[in-house]
Amino acid sequence: MNKSPKRFALSAMAGAAVLLLAACSSDDAEPSSTESEAMSPAETSASLPDKLTLALVPSDEVDQITTDGEALAEALSAELGVDVEVFVPESYSAVVVALQTGQADIGFLGPIAMVQAEDEAGAEIVLQAVRYGSSEYVGQWLTNDPGTFCLDDVTTETDDEGVAYSYCNGATGGSGPAGTEALELIDPESVISFVDESSASGYYFPATQLQELTGVDPISGLSNALFAGGHPQSVQAVYDGDAVVGVSFNDARSALADEFPDVGEKVVVFAYTSNIPNDGVVVSGDLSDEVQQMITDALLAVAETEEGAAALAAVYEIDGLDPANLDAFENVVRPVEANFGDA
């Protein structure tokens, strides 16, 4: 939906209001720069709405994301001085709709949805998540049939908690692409577990990769594909045998390790997508530039506090926040998103 007419109308109304105020106060002396700099925090934040809504994508169970998100909202509320409530819908695309319809002011989204929010809701891309010192990640291909899809020996690595994780075809270390020859062995009519129709690592990038290697149309050519709804759920679909291969972010298997200690060995990573810009934060385009910047600065400040860092880690395993690399979204994410048209 083109939001430009609405935004132009709002800008025109705001401009008219400024002219009217200027005319009414033409006889008043303008405040000095010293007086402006001495404004109190309350006066500075007067343009903030009384309440902000923070929308979070359901990458895990909705109840858990909501609980973790409330701690993040509380930290952001303390930083901004206004109420912040959490909204977790049942799909990724619903967050974009919430931004589009004014039901959300801030969105934590995957990279594909960030571009869609910019295009469809007039949102501004402002921040990117940092994990393990990087603002990039990969989508991983998973299988319960290493005999078919592992073209070399399966190797196993054990993490600090003693959980073993298996890999093959060089798909380890978190940098892609890897294992591309094995992807050519996928039967497009087999059951493939994707995450969500708006997920970058859980659909867009791996489906595009498969198309480039095999020529299979990602929309019409994968007749038995299923959408699990979340990354752990996609891993579990492979673990349970509901799908022979699946995809998720790297390494979503860890989310199931407590419940299923053998998940890292039973579900083998056999390929990687190319590198993808990390997920991040968008803010509503209906907010003023000043308010957008205030929210951005507040989130950066929250990430530097002990409570805020813990909340970000709990909700999306985020180690920190950086200003968004807009070139990466334009040159890496947007072409993949455009490959799917209006689907």
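Placed above this text is the structure.
Throughout what follows, the structure given in this document is the object of discussion. (Residues numbered from 1 in each chain as written. Predicted model: local features only at pLDDT ≥ 70, side-chain atom pairs only at ≥ 80, totals over all residues. Heavy atoms only, no water.)

1. Digging into the overall build of the protein
Then, in step 1: For the protein, the helix and strand inventory stands at 14 helices and 15 strands.
Then, in step 2: Classification of the 343 residues of the protein by burial places 47% in the buried group.
Then, in step 3: Taking contacts inside the protein between residues at least 6 apart in sequence as the whole, the part at least 24 apart equals 78%.
Then, in step 4: Carbon and sulfur atoms provide 49% of the accessible area of the protein, an area that totals close to 16100 Å². (Helix = DSSP H or I, 4+ residues; strand = E, 2+ residues; numbered from the N terminus. Buried < 20%, exposed > 50% of the residue type's maximum accessible area, 1.4 Å probe, protein only. Contact = heavy atoms within 4.5 Å. Areas by Shrake-Rupley, 256 points an atom, 1.4 Å probe, with all protein chains shown as cover.)

2. Things to note about the pairing of strand β6 (residues 139-143)
Then, in step 1: With respect to burial, β6 is a largely interior element, five of its five residues being buried.
Then, in step 2: The two faces of β6 match: Gly139, Trp141 and Thr143 on one face and Gln140 and Leu142 on the other face are all buried.
Then, in step 3: Here five bridges tie β6 to strand β11 (residues 245-249), and the two strands are oriented antiparallel to one another. Opposite Leu142, over in β11, you have Gly246 as the bridge partner.
Then, in step 4: In the sheet, β6 pairs with strand β12 (residues 268-272) via four bridges, with the strands oriented antiparallel. Bridged to Gln140 within β12 is Tyr272. (Pairing = 2+ DSSP bridges.)

3. Examining a negative patch on the surface
Then, in step 1: Residues Asp160, Glu161, Asp258 and Glu259 make up a contiguous surface patch of negative charge.
Then, in step 2: Relative to the helices and strands, Glu259 resides in the loop between β11 and α11 (263-266). (Patch = residues over 30% accessible without salt bridge, like charges linked within 9 Å, V, L, I, M, F, W, Y side chains within 5 Å. Salt bridge = Lys/Arg side-chain N within 4 Å of Asp/Glu carboxyl O. Lys, Arg positive; Asp, Glu negative; His and termini not counted. Charge placed at Lys NZ, Arg CZ, Asp CG, Glu CD.)

4. Thoughts on the environment of Glu265
Then, in step 1: Assignment of secondary structure puts Glu265 in helix α11.
Then, in step 2: Take Glu265: its relative accessible area is 45%, and that puts it in the partly exposed class.
Then, in step 3: The contacts of Glu265, once residues within four sequence positions are left out, are Ala164 and Ser166.

5. Notes on the nonpolar core
Then, in step 1: Counting 82 residues, the largest nonpolar core has Phe108, Leu109, Trp141, Ile186, Phe270, Ile295 and Leu299 as its most contacted members.
Then, in step 2: Element by element, the count of residues in this core is highest for helix α12 (residues 289-303), at seven residues.
Then, in step 3: Once residues lying within four places of it in the same chain are set aside, the contact partners of Leu109 are Val57, Tyr92, Val95, Leu99, Met114, Ala117, Asp279, Gly280 and Val282.
Then, in step 4: Among the nonpolar cores identified, the runner-up in size contains 19 residues, and Ala171, Val235, Ala243 and Leu256 belong to it. (Core = buried A, V, L, I, M, F, W, Y, C linked by side-chain atoms within 4.5 Å.)

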